Amino acid sequence: MRHASIEAGNLRWGPQLPVDEIIPVLRAALTAGHSAVLQAPPGAGKTTHVPLALLGEEWLTGSRIVMLEPRRLAARAVTARMASLLGERVGGTVGYRVRRDTQIGPCTRIEVVTEGVLTRMIQSDPTLEGTGLLIFDEFHERSVHADLGLALALHSRSIVRSDLRIVVMSATLDGARVARLLGDADVITSAGRTYPVTLNYSARPNARDIASAVTTKVVQALADGDGDVLVFLPGGAEIRRVAGLLAGRVHDGVHVEMLYGDLPQAHQDAAIAPSPGGGRKVVLSTPIAETSLTVEGVRVVVDSGLARAPRFSARSGMTRLETVRISRSSADQRAGRAGRTAPGRCYRLWDEQEQHHLAEHSTPEILNADLAPLALELAIAGIRNIGSLQWMDRPPIAAMEHATQLLRMLGAIDPTGTATRHGHAMAALPVHPRLAHMILWAQAAEAAEAGSAACDIACILEERDFLRGVSAPADADIDIRLEVLRARGAMRTIHGANVDVELVRRVAAESAALKRYLRIATGATGNGVASGVGSGVLLAMAYPDRIAQLRSDATGGRFLLRNGAGAKLPYAQGLSSAQFIVAAELDGDAQEARIFLGAELAREDLERYLADQFERDELIEWDSQRRSVRAAQRTRLGAIVLSDAALSDPPADDIMAVLLSVVCREGLSSLPWSDNAKSIRDRVAFMREHHTDWPDLSDTALLATMDVWLAPALHGRTSFAGVQRDVEGALAATFSWEQRARLDQGAPTHYTAPTGTRVAIDYSDPRAPTIAIKLQEMFGVSITPAIDNGAVPLTLELLSPARRPVQVTRDLAGFWTGTYFDVRKDLRGRYPKHVWPDDPLKEPPTTRVKRRDH
């Protein structure tokens, strides 16, 4: 692996830039090998000069250069810049392909494409015929599509295009790691030319005050010194707010320009070009100007410290742009924009302590994104094993499995992982696979407005919610959003929520563009209800896994999702009493997710449009509440039970199996044991303790042999109710008639006292059967009672007149001659009316208080 920084070499066109010095080394690396990694700071000129410098290479004769640019705005801008350097128009030697826009001519040799376009090119032609060089620009942004594009390119090169050359370019990147991925490619570094930048920190403003804080800082920056000002803001909404606030706070000589993706080309060109008439300029930009574009004349940077980053949302099941804090590497790149031509200044809207806690680099999108689009792209490319590709970061296995399951549910892939015809059609649409499936289904439906409504819903879901509740989240019903969208921003409030009018207009424009792309009539944008396909049906096509049923055992607004999880509306609203809904947006709570966006789904629509997903089972299961076996014919959608009818004449063996499984799971205590049955078990355990020919009736043994002794007792039953006598009989049947006689003789149930009282014998301890009897009933008895033909003395628990234990003994004679006198002393004081003789062996047993008169 070679690392080089060269101080020679000029191009024959345009102003010399720092990257020009290392062009000879790059040429040599690509002539000798097939890959290179180029590290160059922002403004070095790598994006525009490198493709033009390589265009005349001998190995590129008759072939084109395809350069991947991560952003549409940058793709158009760098194409225009390269074309101008050649003195041509876009579409000549240099052209571009971006979503819904192509400027390519018959003589085009350099094609600048965005990420999805490159993936489609490789999928349609893995040989990349006519392409000699792929350039991955700004690779440090590490989007899913960039990672996928590089992995597919390396795969094609390893199989069918060994001559394909690849260059990976970045301002901040682990060059050595990328070089290893490319096969130990040369790492070429351009140092660039930078001047010192003074950093100014301030306290981070509240998120709601970001536009005001940035405006104040821009005014301060203009007053502090000379130079044009480049302002970094997270997105177009913030840019427009700051532009409005600056309108009344800067003098006429200062031009305020905006730079973000949705602007017309003329506005973008004005933002990039030098200040008109020598005046000062303030450029309000998204992170597009961080590395991808160079804004001329900048000597001051105002950095909000924020950016829009793609994040997988568990609420919507889609990847969205969220406002996040930037990394340290991004902050350094932004600050460096102020020091390209002279010493500069950078105003950071966060304090210096926070700077040390920023992440070093942004997390690659592939590690925390929804991978359903990636999984579909791989299926289209015929890649079934992700391990067969070379990845910078391999997609997480769990996320890929989840994505694959979703694609199967949507019919995009078959059980083998092969893309279906429907999957190919889905992949051709510029929306998430969920929404693509919904739109394709709507187009095929016999409903005039369904396709139009599907496009509206898709664009609503791809953006953040344009309704903001005043004191609580806005009403969840998506039909309210469709009503606002039909008004095209005319509404300011609806159902107690404020409307983000600018966002509504942007969503409407996106929807109109999508309809044009799909050739869907745009005359009406109803929700489809008039034609029989409501928004609930459309959402069910995109979110079949988010269908939910109102819980019958709870208050309104609480639902059971198809996957078995719970969900609830944050407060009572229109959808709270709906029997079925589709929850398009949830907060992802594992216990009971909150529903923020959804639509009602009628029962008849569920049965009409999703019947092919119903599961029909004959269930024989235990009802723990009723404590009985239920036999039912059930129709369900996942965890949602749609119908549950009693099953006539269910198989007796299956019912028996359920009952036995309950006993196995809950233990023998689940059976209704009678006192006599319990006594039989204890008495047999006693006999087994002293004789070897008795059966084992312990819990372990009985559970192991239930099919022998218990099954006959449960035959024909669906519960354990009233089964006591049968269980007792089944238990007794485990030993012979002879053993039953021996049991009664050797282990009687009762001991008959001298007074005639029958006292139950407790066999719970088989080693020490016990009786509890009043002490006075044993007067005159000198021999300890015994069982098992006199072999085993009973343990006597002698009781006071109040039936409280006073002595436990197995030696009655010894008690009378010893301990009795200590016990007598205590009992005589507490029970003076009772007889406490000096010689208990001469006193007749009694149950009375006083001795009878003779």
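Residues numbered from 1 in each chain as written. Predicted model: local features only at pLDDT ≥ 70, side-chain atom pairs only at ≥ 80, totals over all residues. Heavy atoms only, no water.

**A short note on the overall build of the protein chain**
- Within the protein chain, the secondary structure is distributed over 30 helices and 35 strands.
- Over its C-alpha atoms the protein chain spans a radius of gyration of 42 Å, topping by over 25% the 29 Å that the globule rule assigns to 854 residues.
- With respect to the principal axes defined by its C-alpha atoms, the protein chain has extents near 140 × 60 × 60 Å.
- Burial statistics for the protein chain: of 854 residues in total, 53% are counted as buried.
- By sequence separation, contacts in the protein chain at least 24 residues apart represent 66% of the contacts at least 6 residues apart.
- Of the roughly 38000 Å² of accessible surface on the protein chain, 48% is carried by carbon and sulfur atoms. (Helix = DSSP H or I, 4+ residues; strand = E, 2+ residues; numbered from the N terminus. Rg over C-alpha atoms; globule rule 2.2 N^0.38 Å. Buried < 20%, exposed > 50% of the residue type's maximum accessible area, 1.4 Å probe, protein only. Contact = heavy atoms within 4.5 Å. Areas by Shrake-Rupley, 256 points an atom, 1.4 Å probe, with all protein chains shown as cover.)

**Section: the sheet that holds strand β34 (residues 795-799)**
- Taken together, the 3 strands give an open sheet; going across it, the order is β31-β34-β35, and neighbouring strands pair in mixed fashion. Here the strands that pair on one side only, and so sit at the sheet edges, are β31 (770-774) and β35 (805-809). Sheet twist, expressed as the mean angle between neighbouring strand axes with direction ignored, is 20°.
- In terms of strand pairing, β31 meets β34 through 5 bridges, oriented parallel. Paired with I773 across the bridge in β34 is L798. (Pairing = 2+ DSSP bridges. Axes fitted to C-alpha atoms, helices over the stretch in contact; angles between N-to-C directions.)

**Points about the pattern of salt bridges**
- In the structure shown here, the tally under the stated rule is 42 salt bridges.
- Linking R142 and D147 is a salt bridge whose minimum nitrogen-to-oxygen distance equals 2.7 Å. Neither R142 nor D147 differs from the other in exposure class; each is buried.
- Residues E607 and R603 are paired through a salt bridge, measuring 2.8 Å at the closest nitrogen-oxygen approach. One end of the pair is E607 and the other is R603, both in helix α21 (residues 603-609) and 4 residues apart, which spans about a single turn.
- Judged by relative accessible area, R603 falls into the partly exposed class, the value being 31%. (Salt bridge = Lys/Arg side-chain N within 4 Å of Asp/Glu carboxyl O.)

**Structural notes on the nonpolar core**
- Of all hydrophobic cores here, the largest spans 115 residues; its most connected members are F136, M438 and I439.
- Among the elements that line this core, the one with the most residues is helix α17 (residues 450-462), at 9 residues.
- Excluding anything up to four places from it in sequence, M438 contacts A454, I457, A458, L538, L539, M541 and A542.
- Formed by 61 residues, the second largest nonpolar core is a distinct cluster that contains L647, A730, A753 and W816. (Core = buried A, V, L, I, M, F, W, Y, C linked by side-chain atoms within 4.5 Å.)

**A closer look at the sheet that holds strand β14 (residues 298-303)**
- Taken in spatial order, the 6 strands line up as β10-β17-β14-β11-β13-β12 in an open sheet, and their pairing is parallel. Strand pairing shows two members of the sheet lacking a second neighbour, β10 (197-201) and β12 (254-259), which therefore form its edges. Recorded for the sheet is a direction-independent mean angle of 20° between the axes of neighbouring strands.

**Side note on helix α1 (residues 23-32)**
- Of the positions making up α1, those classed as buried are I23, V25, L26, A29 and L30. The arc enclosing the buried residues of α1, seen along the axis, measures out at 160°, which places them on a common side. (Arc of directions from axis to C-beta.)

**Points about unusual backbone geometry**
- Here E138, not a glycine, exhibits a phi torsion of approximately 50°, which is positive.
- Inspection of the secondary structure puts E138 in the loop between β7 (131-136) and α5 (144-159).

**Digging into the side chain of R161**
- By the element assignment, R161 lies in the loop between α5 and β8 (165-170).
- Among the polar contacts made by the side chain of R161, one reaches the main-chain carbonyl oxygen of T127 at a distance of 2.8 Å.
- A distance of 2.9 Å separates a polar atom in the side chain of R161 from the backbone oxygen of T131.
- When sequence neighbours within four positions are dropped, the list of residues in contact with R161 reads T127, L128, E129, T131, G132 and S156. (Polar contact = N/O pair within 3.5 Å; in protein donor to acceptor, adjacent residues only side chain to side chain.)

**Considerations on the packing of aromatic side chains**
- The tally for this structure, following the rule as stated, stands at 11 aromatic pairs.
- Relative to W816, the ring of F815 lies with its centre 5.2 Å away and its plane at 55°, an arrangement referred to as tilted.
- The buried category is assigned to F815, whose relative accessible area is 2%.
- For W816, a relative accessible area of 1% corresponds to the buried category.
- Centre to centre, the rings of Y820 and F821 are 5.3 Å apart; their planes meet at 70°, and the pair counts as edge-to-face.
- A relative accessible area of 0% means that Y820 is categorised as buried.
- Among the residues examined, F821 registers a relative accessible area of 33% and is labelled partly exposed.
- Taken together, the aromatic side chains of F779, F815, W816, Y820 and F821 make up a single cluster linked through ring pairs.
- Over the aromatic face of F735 sits the side chain of R740, whose NZ or CZ is 6.0 Å from the ring centroid.
- We note R740 situated over the ring of W737; from NZ or CZ to the ring centre the distance is 4.2 Å. (Phe/Tyr/Trp six-rings, centres within 6.5 Å; stacked < 30°, edge-to-face > 60°. Lys NZ or Arg CZ within 6 Å of the ring centre and 35° of its normal.)

**Some details on the pairing of strand β17 (residues 344-348)**
- The buried fraction of β17 amounts to 5 of the 5 residues, a majority that puts the element mostly inside the structure.
- Every second residue of β17 is oriented toward a common face, with G344, C346 and R348 on one face and R345 and Y347 on the other, all of them buried.
- Pairing of β10 with β17 involves 5 bridges; the strand directions are parallel. Bridged to T198 within β17 is R345.
- Examined bridge by bridge, β14 and β17 share 4 bridges and lie parallel to one another. Across the sheet, residue V300 finds its bridge partner in β17, namely R345.

**A look at the packing of helix α16 (residues 433-444) against α17**
- Running from N to C, α16 and α17 point in directions that differ by 165°, and their axes come no closer than 8 Å. The orientation of α16 relative to α17 falls into the category roughly antiparallel. Of the two elements, α16 crosses α17, and the hand of that crossing is right-handed. For the pair α16 and α17, contact is made by L435, M438, I439 and A442 and by A450, G451, A454, C455, I457, A458, L461 and E462, respectively. (Parallel < 35°, antiparallel > 145°, perpendicular 65-115°, else oblique. Left-handed = near helix turned anticlockwise from the far one by under 90°.)

**Here's the deal with the side chain of K217**
- Along the polypeptide, K217 turns up in helix α7 (residues 210-224).
- Despite being buried, K217 has no salt bridge partner; D224 is the closest side chain of opposite charge, sitting 7.6 Å away. (Lys, Arg positive; Asp, Glu negative; His and termini not counted.)

**Describing the environment of F779**
- Residue position: F779 is located in the loop between β31 and β32 (786-787).
- Each C-alpha atom of the pair F779 and T79 lies 117 Å from the other, and the pair is 700 residues apart in sequence.

**Things to note about the packing of helix α4 (residues 115-124) against α5**
- Two elements in contact, α4 and α5, have axes separated by 9 Å at closest approach and are oriented at 25°. Accordingly, the angle class assigned to the pair α4 and α5 is roughly parallel. Two packed elements cross with a definite hand, and for α4 against α5 that hand is left-handed. Between α4, through E115, G116, L118, T119 and I122, and α5, the contact on the second element is made entirely by H145, A146, L148, G149, L152, A153 and S156.
- Classifying every residue of the contact of α4 with α5 by side-chain character gives 6 nonpolar, 5 polar and 1 charged. (Nonpolar A, V, L, I, M, F, W, Y, C, P; charged D, E, K, R; others polar.)

**A few points about the confidence of the model for the protein chain**
- On average, residues of the protein chain score 88 in pLDDT, and 94% of them reach the 70 mark or higher.
- Every residue in residues 1-11 is under pLDDT 50, and counting partners more than four places away or in other chains gives 34 contacts. (pLDDT = per-residue confidence, 0-100.)

**Points about helix α28 (residues 737-746)**
- Inspection of α28 places Q739, L743 and G746 among the buried residues, and these make up the whole buried set. The buried residues of α28 occupy an angular sector of 85° when the element is viewed end-on, so they sit on one face. Opposite the buried face of α28, by more than 90 degrees, sit the exposed residues W737, E738, D744 and Q745.
- Looking at the buried side of α28, the elements it contacts are α23 (675-690) and β32.

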